[in-house]
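Here is how the chains run, residue by residue.
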Amino acid sequence: MMQEPEGIFRVGASSDHSVQLFDTPESLGEAVASFLAEGLEGGGRLLVAARAASVWEVSRALADRGISMSELVTSGRLTVVDAHATLRALLRDERPERALFEAHVGDLVARLSAGSPAPLRIYGELVEILAEEGNFAGAAALEDLW
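Being a predicted model, the structure only gives us computed values, none of them experimental. (Residues numbered from 1 in each chain as written. Predicted model: local features only at pLDDT ≥ 70, side-chain atom pairs only at ≥ 80, totals over all residues. Heavy atoms only, no water.)

S.K.: Please explain the overall build of the protein chain as it appears in this structure.
M.R.: For the protein chain, the helix and strand inventory stands at seven helices and seven strands. Per-residue burial for the protein chain yields a buried fraction of 37% across its 146 residues. The contacts of the protein chain with a sequence gap of at least 6 include a subset with a gap of at least 24, amounting to 70%. (Helix = DSSP H or I, 4+ residues; strand = E, 2+ residues; numbered from the N terminus. Buried < 20%, exposed > 50% of the residue type's maximum accessible area, 1.4 Å probe, protein only. Contact = heavy atoms within 4.5 Å.)

Take a look at the structure:
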């Protein structure tokens with residue numbers, strides 16, 4: 001059984017929120033696959049907003065657990081969106097706009113959460129991409145919108 005890695009910070013609000021740093025693409029894949037697999041065991045739906053390389057790592061790690069990412073997508077249990085495309089839809093002048101966030105992310109989260117007693121599990125890289133680009137004000141504003 002995989003132990004929860006050190007260095008996870010949890011913030012309690014209306015949802016649990018974790019921030020985790022990864023040292024390799026493989027460690028990202030393993031940690032995210034574990035997080036998603038827990039959600040599947042609880043009967044929940046999943047949302048991944050990530051870069052293609054990360055999606056590939058997560059898919060590989062899920063396959064190692066006997067879980068097919070493509071079957072999850074086909075069944076509607078997992079929705080995958082491209083992080084860069086999603087960011088382009090949310091930003092105006094390098095800052096996320098609340099109305100755009102609600103239209104693109106809020107509506108998607110509401111739709112995926114509807115009709116399921118289990119919580120929606122979300123893994124996202126949107127804030128990380130903004131921070132990597134040096135857009136810390138945009139990253140902080142986006143984090144607030146989540």
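Now that the structure has been shown, we can carry on.
S.K.: I would appreciate a short explanation of the packing of aromatic side chains in the present structure.
M.R.: Where two aromatic rings form a pair, the distance of their centres and the angle of their planes describe that pair. One pass over the structure, following the stated rule, counts one aromatic pair. Considering the side-chain rings of Phe101 and Trp146, the 5.3 Å spacing of their centres and the 85 degrees angle between planes classify their relative orientation as edge-to-face. Of this pair, Phe101 sits in helix H5 (residues 98-113) while Trp146 sits in the segment after helix H7 (136-145), and the two are 45 residues apart along the sequence. By relative accessible area, which is 4% here, Phe101 ends up buried. Accessibility expressed as a relative area gives 40% for Trp146, which makes it partly exposed. (Phe/Tyr/Trp six-rings, centres within 6.5 Å; stacked < 30°, edge-to-face > 60°.)

S.K.: Is there a simple way to think about the pattern of salt bridges in this case?
M.R.: Any two side chains of opposite charge can pair, on the condition that their charged atoms come close. The full count for this structure, using the stated rule, is eight salt bridges. A salt bridge links Glu125 to Arg51; the nearest nitrogen and oxygen atoms lie 3.1 Å apart. Here Arg51 lies in the loop between strand E3 (46-50) and helix H2 (52-64) and Glu125 lies in the loop between strand E7 (121-124) and helix H6 (126-132), a separation of 74 residues in the sequence. Take Glu125: its relative accessible area is 0%, and that puts it in the buried class. Arg51 is paired through a salt bridge with Glu132; the nearest N and O atoms lie 2.7 Å apart. Linking Arg51 in the loop between E3 and H2 with Glu132 in helix H6, this pair joins segments that are 81 residues apart in sequence. Given the relative accessible area of 19%, Arg51 is considered buried. Taken together, the salt bridges that share partners define one network made up of Glu30, Glu57, Arg60, Asp64 and Arg65. (Salt bridge = Lys/Arg side-chain N within 4 Å of Asp/Glu carboxyl O.)

S.K.: How should the side chain of Ser54 be read in this particular structure?
M.R.: You can see Ser54 is positioned in helix H2. Within the structure, Ser54 has its side chain in polar contact with the side chain of Glu125 (distance 2.6 Å). (Polar contact = N/O pair within 3.5 Å; in protein donor to acceptor, adjacent residues only side chain to side chain.)

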